[in-house]
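# Close look at the chain arrangement
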Amino acid sequence: MPILLLIDTCIWKVLVSKNDYGHYLRQLEHWVENKEVELLIPPQLTKEWEKHREMETNIIKQRINKAEKDIRSLRLLHHQDITVNMEVAETRLIAQIDAIDKLMADGIQLEDNEHAIIRTYKLKVERKPPFAAKLDSDSDAMMLFNSMCYINTLEEKQFFFVSANTNEFSFPENSSQFHPELQEEYPKVVVNYYTSQTKCFAALQAIGLSSLPNSEVEVHISKEVFSINKTAPLLDQLYQYMQVVFHEWSFLPLKFFARQYPFIVKSNTEFIPQPFILFTDNKEVRDLLADITYQNGTHTLANPKWAEGVDSVDKKVGTIATNLAHNLAHFLRYKDDKTERPFFSFNYLKTNTSLAAYLRFDYIDLFGIQEISTDDAYTLLTKAYIMYELGFFKEAVAFLQSAQIKAEHEPRRILQYIANYNLVKSIRFLRTLYWDNTSQESLIKKLRKIDLSEIFSYVKTNENEAILQWIHSSAFYNETLLKIHDTVTRIRKTFYARSTGFNQDFDDLRFAFYQISGFITFNGLFYDQFSEFESVSKAFLEGVLASYGCSSDLSGKLAIFTDDLLLNLVRHCDHENIKHLINRYKITELRYLSAEEGASFVDLFLNFLHKHDAVWSAHDTSKKVDTIHFRDTYYRVFGNFLTITSYLELDAAKLNNIAVALLSFLQCDQRQMGHAVVKLVTHFMERKGGVIAGPLLNNYLHVCVLDKRLNNEVLVHYITEHLSENNWEVTISTTEFELFRATYLDSKYLFANDHYISVISSYFSSIRNENYRQQIRKFVTNTLDSEFNHKLFYYATIHNIIITTNEQHVAFHEAMRIYILKTKDDRLRLSKSHYTNQTIDSYLNFVFKENYDLPQEVIAALVDLGPYYDWLLHLDTFDYVKFDYRWLYNYWTIYYRARYKASTALKRCLLDIIRKQPQSNAQGVFMNIYHSGE
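Not measured: the values here are computed from a predicted model.

### Digging into the overall build of the protein chain
The helix and strand inventory of the protein chain stands at 43 helices and 14 strands. Projecting the C-alpha coordinates of the protein chain onto the three principal axes gives extents of approximately 100 × 75 × 65 Å. When each of the 934 residues of the protein chain is scored for burial, the buried share is 53%. When contacts within the protein chain are restricted to residue pairs at least 6 apart in sequence, long-range pairs at least 24 apart make up 72% of them. When the accessible surface of the protein chain is summed, it comes to about 43500 Å², and 49% of that surface belongs to carbon and sulfur atoms. Placing the 101 positive and 116 negative side-chain charges of the protein chain at their respective mean positions leaves the two points 0 Å apart.

Right under this line is the structure:
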């Protein structure tokens, strides 16, 4: 099936070269002619091109006129006749305009889709992308949504889209990422988004589209051949091969070293690459590797015959086994064997290196990393990479400059190229630092003079050219990105189809991601982890969770999470995306099997929490040029650990160990903790608080109530709720209650901090000491008598703190009448399509509880607020064409649920949605209302 491609007008203009018939235009013609690509042509694109084609023609003519003037000047300077056929040049350039006309005419002609029109109007009203930056983006929006509507009707729901209009289509924090809000209405449509034709065309070639003859874009990975002594014992041959291949590389994809002797002997052997499998047609290699065993941290040979005539046997066996395991050769297959045998055991995290410490999130000693005179080029590159990852960019560049000199002196050509490659990549990060501007600008100017192409030509050899070209052309990233996106598309399709049978999509995905992350990390490559690599990690995360959510009858799906997989998610992903995708793929819990004692997910999380103080002390005493990057990285890692733990299937002992360490972490995190951390802890407490032991939960309650940084009303609510569910008795000392009373039982603080009211109510509900309860009750009663507050009255009533009076009821309803009428007037200035208000939602909860009849004036005002409140007040007479089942998520109490359950119209509507959209979450909503416990 041809690749579907949408090219924005801004890119079509760029395809019109002003010097010669454009290479990329010729490439595009080649693909269309060979039916490898079909162009999507929405009506807006045709109209836009009509406006611009004349402008491009005029620009070409102006360019030709200027060229003629330049030639006349040359004639004067050289005193000779210079003849050039300008007509031919003009014809050749303008031919590009005709070519684009033909390409557009031959493309798939789309029509304006009603859904696209509605979507465009809605986003324009809400000032969301592509209208966030400017309001006259109707054409851009319709062009995109017409295409997405069309793709949504196809079986293969993906297309490529190239546009330089990043303000309209890109995520603000990452210009190379398609804006997620544009995706919302079309969750199954995969948009492979690129900001330039260069990146897009390279990506298309990376997935197998053909190149023009003599194309400079296509990269062929040639077979490497290393000369080794084939008369030596086989163990020596393997060791010599490892020494040569990994002399300058720490990590290589299997395809770069496993297709050669001694693994492959015969040139006509059919090599079929498979994830994590080392394939060989060499029977002796198979037998030798099969004889390697691992005991007590040492690799040994089961059969001594392989050691005959070999010195330093243990060292050589260990080197071979470690290199293969480290480079993802986890299984061995010989020729036509139908099964592969596992071999070798190796966990890099347990090694005693700075890079392993970084990968273990053990940051303490990393701040003190310094250059040592005996450091070789590889060590310096590793130190540079760690500084780069920690956000100390100036220090990273200093290490790189030393590595560059050392690599040239040693000489180690590959490391010389990588050092220069990283220096070029460093420019954009250096510009974000605040230090001496003179030295900063001087350094940047110096780095801009580095010519990577010249260095590439100098350092390449027959042995390393293929792998260096793989880096130099960025194919290592583009190839993997496309492979991962393609694999995730298949996994997503399998999830929605609830397919059974067998596929190895998850293995393909894991292998592809492990290869690119290993290649970047272990070779110390500076790649843009903050934008482009983020798209790889996001796709990987979605593929992992989609695979886990697939039908249990699908063999080959992800069935259980291992430590290596979880730690990769912690290292590379983002907790908000983790939570979002877990919900999207309807996952309730993550099954987990730990096989790495001492380096498991739980071990590393506990170590991370325990060392919090030491890490920040080391950070403060280091003399590095500080950036906010390390702080952001540190709390992203914390968020990933805690979010995954919130869903992980852990026994009570491990979970309580984490909860103890987490409480200590929160108590000592005096400077860094903000709202995001409290939100993460709240989510953890919501999901896992019921498993935490009572005394520990009791400690959480006191800390979260008395520590102003943690007294979040929702967090306190979940803690008290779990205490109540498990009948844990809250113990409060006199000192603790006095602190509580001084903090909360003072009306001047109470009304200045609205959430205090909720905290007081939750605290009252959880304690059993009648003396303390009476003091709270007296304070609330006196406060309401002296200065009535509708929020305080609501919580005091819901939690049965006070015995209410008729006067208070009247005052409450009047206060809410005034609030609702004022809110209705304010609502006119808001653009939110489905308006909701938590204060009003709480009031209606009280109304439903008390069966209170609202005055018509209040009902009318609520209806004016929007369709949500119209529906909520008129469940059986509402026009359900306007209904969105997601409204049911907005506010959930027993009184709301009772109202929903009594509505026949709502039940009928939900059943209809479930019949039409069986994959939607409406089924879960239906079960919560009609079949969950009271």
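Once you've had a look at it, read on.
### Here's the deal with the environment of Phe-522
Looking at the secondary structure, you find Phe-522 in helix α21 (residues 505-522). Taking the relative accessible area as the measure of exposure, Phe-522 reaches 12% and is therefore buried. Distance from Phe-522 to Asn-782, taken between C-alpha atoms, is 66 Å for residues 260 residues apart in sequence. Not counting residues up to four positions away in its chain, the partners in contact with Phe-522 are Ser-250, Phe-251, His-326, Tyr-348, Leu-355, Leu-359 and Tyr-378.

### Points about the pairing of strand β4 (residues 158-162)
Burial analysis of β4 places five of its five residues in the buried class, which makes it a mostly covered element. Direction of pairing for strand β1 (residues 3-7) relative to β4: parallel, over a ladder of three bridges. Bridged to Ile-7 within β4 is Val-162. The pairing of β4 with strand β7 (residues 190-194) spans five bridges and is parallel. Within the sheet, the bridge partner assigned to Val-162 lies in β7 and is Tyr-194.

### Looking at the pattern of salt bridges
Counted under the stated rule, the structure contains 34 salt bridges. In this structure, the salt-bridge partner of Arg-53 is Asp-101, at a minimum N-O distance of 2.4 Å. One end of the pair, Arg-53, is in helix α3 (residues 43-78); the other, Asp-101, is in helix α4 (residues 86-106), with 48 residues separating them in the sequence. The partly exposed category is assigned to Arg-53, whose relative accessible area is 22%. Among the salt bridges present, the one from Glu-155 reaches Lys-493, with a minimum N-O distance of 3.5 Å. With a gap of 338 residues between them, Glu-155 in the loop between α6 (138-152) and β4 and Lys-493 in helix α20 (residues 475-497) connect regions that are remote in the sequence. Judged by relative accessible area, Glu-155 falls into the exposed class, the value being 66%. Bridged by salt links that share partners, the residues Asp-236, Asp-311 and Lys-316 form one connected network.

### Describing the pairing of strand β2 (residues 37-41)
Judged by how many residues are buried, β2 sits mostly within the fold: four of five residues are covered. Where β2 meets strand β3 (residues 108-109), two bridges bridge the pair, whose relative direction is parallel. By the bridge assignment for β3, Leu-40 is matched with Ile-108.

### Concerning the confidence of the model for the protein chain
Looking at the protein chain, the pLDDT average stands at 85 and 91% of residues meet or exceed 70. The low-confidence segment residues 77-84, where pLDDT is below 50, has seven contacts with residues more than four positions distant or belonging to other chains. Every residue in residues 214-224 scores below 50 in pLDDT, and together they form 21 contacts with partners more than four places removed in sequence or on other chains.

### Describing the packing of aromatic side chains
Counted according to the given criterion, the structure contains 73 aromatic pairs. With a centroid separation of 4.7 Å and 85 degrees between ring planes, the pair formed by Phe-495 and Tyr-585 is classed as edge-to-face. Residue Phe-495 is located in helix α20, and its partner Tyr-585 is located in the loop between α24 (575-584) and α25 (601-610); the two are separated by 90 residues in the primary sequence. Owing to a relative accessible area of 3%, Phe-495 belongs among the buried residues under this scheme. Look at Tyr-585 and you get buried, because its relative accessible area is 1%. We note Arg-498 situated over the ring of Phe-495; from NZ or CZ to the ring centre the distance is 5.1 Å.

### Concerning the sheet that holds strand β12 (residues 341-342)
On the basis of which strands lie adjacent, the open sheet formed by three strands has the order β8-β11-β12 and mixed pairing. Looking at strand neighbours, the two that pair on one side only are β8 (277-280) and β12, the edges of this open sheet. The pairing of strand β11 (residues 331-334) with β12 spans two bridges and is antiparallel. Bridged to Phe-331 within β12 is Pro-342.

### A look at the nonpolar core
If you look at the biggest cluster of nonpolar residues, it comprises 317 residues, and the most contacted ones within it are Leu-289, Tyr-363, Trp-871 and Phe-883. Sequence-distant contacts of Trp-871, defined by excluding residues within four places in its chain, comprise Phe-878, Tyr-880, Phe-883, Trp-887, Leu-888, Tyr-900 and Leu-906.

### Comments concerning the side chain of Gln-260
With respect to the secondary-structure elements, Gln-260 resides in the loop between α10 (234-245) and β8. Side-chain polar atoms of Gln-260 contact the side chain of Tyr-241, separated by 2.6 Å.

### Description of helix α34 (residues 755-766)
Counted at 1.5 Å a residue, the expected span for α34 with its 12 residues is 16 Å, and the 17 Å between its end C-alpha atoms agrees. Of all 12 residues in α34, 10 are buried; the element is thus mostly enclosed. For α34, the set of buried residues is Tyr-756, Ile-757, Ser-758, Val-759, Ile-760, Ser-761, Ser-762, Tyr-763, Phe-764 and Ser-766. The inward-facing, buried residues of α34 abut α30 (694-706), α31 (713-725), α32 (734-744), α33 (747-750), α35 (770-786) and α36 (790-798).

### Remarks on the sheet that holds β1
Spatially, five strands are ordered β3-β2-β1-β4-β7 in an open sheet, and the strand pairing comes out parallel. Strands at the two margins of the open sheet, each flanked by one partner only, are β3 and β7. Sitting on the sheet, helix α2 (residues 23-33) is in contact with β1 and β2, with an inclination near 105 degrees to β2. Contacting β1, β4 and β7, helix α9 (residues 197-206) runs over the sheet at an angle of about 150 degrees to β4.

### Points about the packing of α34 against α36
Running from amino to carboxyl end, α34 crosses α36 at an angle of 15 degrees, the nearest separation of the two axes being 9 Å. One finds that α34 runs roughly parallel with respect to α36. The crossing of α34 and α36 is right-handed. For the pair α34 and α36, the contacting residues are His-755, Ile-757, Ser-758 and Ser-761 in the first and Lys-791, Leu-792, Tyr-795 and Ala-796 in the second.

### A closer look at the state of the cysteines
Scanning the model with the defined rule gives zero disulfides in all. Here Cys-10 is not disulfide-linked; the sulfur of Cys-200 is the nearest cysteine sulfur, at 12 Å. You can see Cys-704 has no disulfide; the closest cysteine sulfur is in Cys-668, sitting 14 Å from it.

### Quick notes on the side chain of Asp-291
Of note, Asp-291 is situated in the loop between α11 (283-290) and β9 (292-295). Despite being buried, Asp-291 has no salt bridge partner; Lys-305 is the closest side chain of opposite charge, sitting 6.1 Å away. Apart from the residues lying within four places of it in its own chain, the contact partners of Asp-291 are Thr-300, Leu-301, Ala-302, Asn-303 and Trp-306.

### Digging into the environment of Val-570
Inspection of the secondary structure assignment puts Val-570 in helix α23 (residues 563-572). Note on Val-570: relative accessible area 0%, which makes it buried. Along the backbone, Val-570 and Phe-641 are 71 residues apart, and their C-alpha atoms lie at a distance of 6.0 Å.

### As for unusual backbone geometry
Across the junction of Tyr-261 and Pro-262, the peptide omega takes the value 15 degrees, indicating a cis bond. Looking at where Pro-262 falls in the secondary structure, it is placed in the loop between α10 and β8. With an omega dihedral of -20 degrees, the bond running from Glu-410 to Pro-411 counts as a cis peptide bond. By the element assignment, Pro-411 lies in the loop between α15 (393-409) and α16 (413-430). Located in the positive-phi region is Ser-312, a residue other than glycine, with phi close to 50 degrees. For Ser-312, the location among the structural elements is in the loop between β10 (298-301) and α12 (313-326). If you check the backbone angles, Leu-328 has positive phi at about 70 degrees while not being a glycine.

What counts, and where the lines are drawn
- Residues numbered from 1 in each chain as written.
- Predicted model: local features only at pLDDT ≥ 70, side-chain atom pairs only at ≥ 80, totals over all residues.
- Heavy atoms only, no water.
- Helix = DSSP H or I, 4+ residues; strand = E, 2+ residues; numbered from the N terminus.
- Buried < 20%, exposed > 50% of the residue type's maximum accessible area, 1.4 Å probe, protein only.
- Contact = heavy atoms within 4.5 Å.
- Areas by Shrake-Rupley, 256 points an atom, 1.4 Å probe, with all protein chains shown as cover.
- Lys, Arg positive; Asp, Glu negative; His and termini not counted.
- Charge placed at Lys NZ, Arg CZ, Asp CG, Glu CD.
- Pairing = 2+ DSSP bridges.
- Salt bridge = Lys/Arg side-chain N within 4 Å of Asp/Glu carboxyl O.
- pLDDT = per-residue confidence, 0-100.
- Phe/Tyr/Trp six-rings, centres within 6.5 Å; stacked < 30°, edge-to-face > 60°.
- Lys NZ or Arg CZ within 6 Å of the ring centre and 35° of its normal.
- Core = buried A, V, L, I, M, F, W, Y, C linked by side-chain atoms within 4.5 Å.
- Polar contact = N/O pair within 3.5 Å; in protein donor to acceptor, adjacent residues only side chain to side chain.
- Expected span 1.5 Å × (residues − 1).
- Axes fitted to C-alpha atoms, helices over the stretch in contact; angles between N-to-C directions.
- Parallel < 35°, antiparallel > 145°, perpendicular 65-115°, else oblique.
- Left-handed = near helix turned anticlockwise from the far one by under 90°.
- Disulfide = S-S within 2.5 Å.

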